[in-house]
Amino acid sequence: MLRTDRNRGHQLSAKHSSFGQALENLLQGHGLSVSNCNAMTCTLPPLNALRAFEAAARHLSFKLAAHELHVTPAAVGQLVSRIKFRIA
């Protein structure tokens, strides 16, 4: 099932919409929003950390994410803990 992202007009699958919701929750924890972040210059986290975050959010498990990424669950936890959004 596809839905349209109103802000950008893109179609997102259900799998990606859960990632988008997780990202929105992460940004709100830092007092930001996706629309607010687009208007400002943001420093993105490392790609491996985003991959680990996405896999963990999709599986709702560090263990399953670690199996998919061929790393240990502790490594996934370390990568996810590195995700911080900074406004430049």
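Higher on the page you've got the structure.
Residues numbered from 1 in each chain as written. Predicted model: local features only at pLDDT ≥ 70, side-chain atom pairs only at ≥ 80, totals over all residues. Heavy atoms only, no water.

Colleague: What am I meant to see in the environment of Leu 69 here?
Modeller: The topology assignment puts Leu 69 in helix H4 (residues 62-69). The class for Leu 69 is partly exposed, based on a relative accessible area of 27%. C-alpha of Leu 69 to C-alpha of Arg 51: the two residues are 18 residues apart in sequence and 8.5 Å apart in space. Beyond its immediate stretch of four places on either side in the chain, Leu 69 contacts Arg 51, Ala 52, Ala 55 and Val 76. (Helix = DSSP H or I, 4+ residues; strand = E, 2+ residues; numbered from the N terminus. Buried < 20%, exposed > 50% of the residue type's maximum accessible area, 1.4 Å probe, protein only. Contact = heavy atoms within 4.5 Å.)

Colleague: It is not clear to me how the packing of helix H3 (residues 47-59) against H4 should be interpreted in this structure. Could you clarify?
Modeller: Here H3 crosses H4 at 130°, and the two axes come no closer than 8 Å. Between H3 and H4, the interaxial angle falls into the category oblique. You can see that H3 and H4 cross each other, and the crossing is right-handed. Here H3 contributes Arg 51, Ala 52, Ala 55, Ala 56, Arg 58 and His 59 to the contact with H4, which in turn contributes Phe 62, Leu 64, Ala 65, Glu 68 and Leu 69. Of the residues in the contact of H3 with H4, the class split is 7 nonpolar, 1 polar and 3 charged. (Axes fitted to C-alpha atoms, helices over the stretch in contact; angles between N-to-C directions. Parallel < 35°, antiparallel > 145°, perpendicular 65-115°, else oblique. Left-handed = near helix turned anticlockwise from the far one by under 90°. Nonpolar A, V, L, I, M, F, W, Y, C, P; charged D, E, K, R; others polar.)

Colleague: Is there a simple way to think about helix H5 (residues 73-81) in this case?
Modeller: Because each turn of an α-helix spans 3.6 residues, side chains separated by three or four positions end up pointing in the same direction. Where H5 is concerned, the buried positions are Val 76, Gly 77 and Leu 79. Taken down its axis, H5 places every buried residue within 165° of arc, on the same side. Those residues of H5 that are exposed and angled more than 90 degrees off the buried face are Ala 74 and Gln 78. Contacts from the buried residues of H5 go to H3 and H4. (Arc of directions from axis to C-beta.)

Colleague: Please explain the pattern of salt bridges as it appears in this structure.
Modeller: Where side chains of opposite charge bring their charged atoms close, a pairing between them can arise. Under the counting rule described, the total for this entry stands at 2 salt bridges. Glu 54 is the partner of Arg 58 in a salt bridge, and the nearest nitrogen-oxygen pair spans 2.7 Å. Here the residue Arg 58 and the residue Glu 54 both occupy positions in helix H3, the gap between them amounting to 4 residues, near one helical turn. Of the residues examined, Arg 58 reaches a relative accessible area of 30% and is grouped as partly exposed. A salt bridge links Arg 58 to Glu 68; the shortest N-O distance between them is 2.9 Å. (Salt bridge = Lys/Arg side-chain N within 4 Å of Asp/Glu carboxyl O.)

Colleague: Help me understand unusual backbone geometry, please; the structure alone is not making it clear to me.
Modeller: As a rule of thumb, non-glycine residues mostly have phi less than zero, and peptide bonds are mostly trans rather than cis. Residues other than glycine seldom take positive phi values, yet Leu 60 does so here, at roughly 55°. Inspection of the secondary structure puts Leu 60 in the loop between H3 and H4. Given a relative accessible area of 76%, Leu 60 falls into the exposed group. Of note, His 70 is a non-glycine position whose phi angle comes to about 60°, a positive value. The exposure class of His 70 is exposed, given its relative accessible area of 73%.

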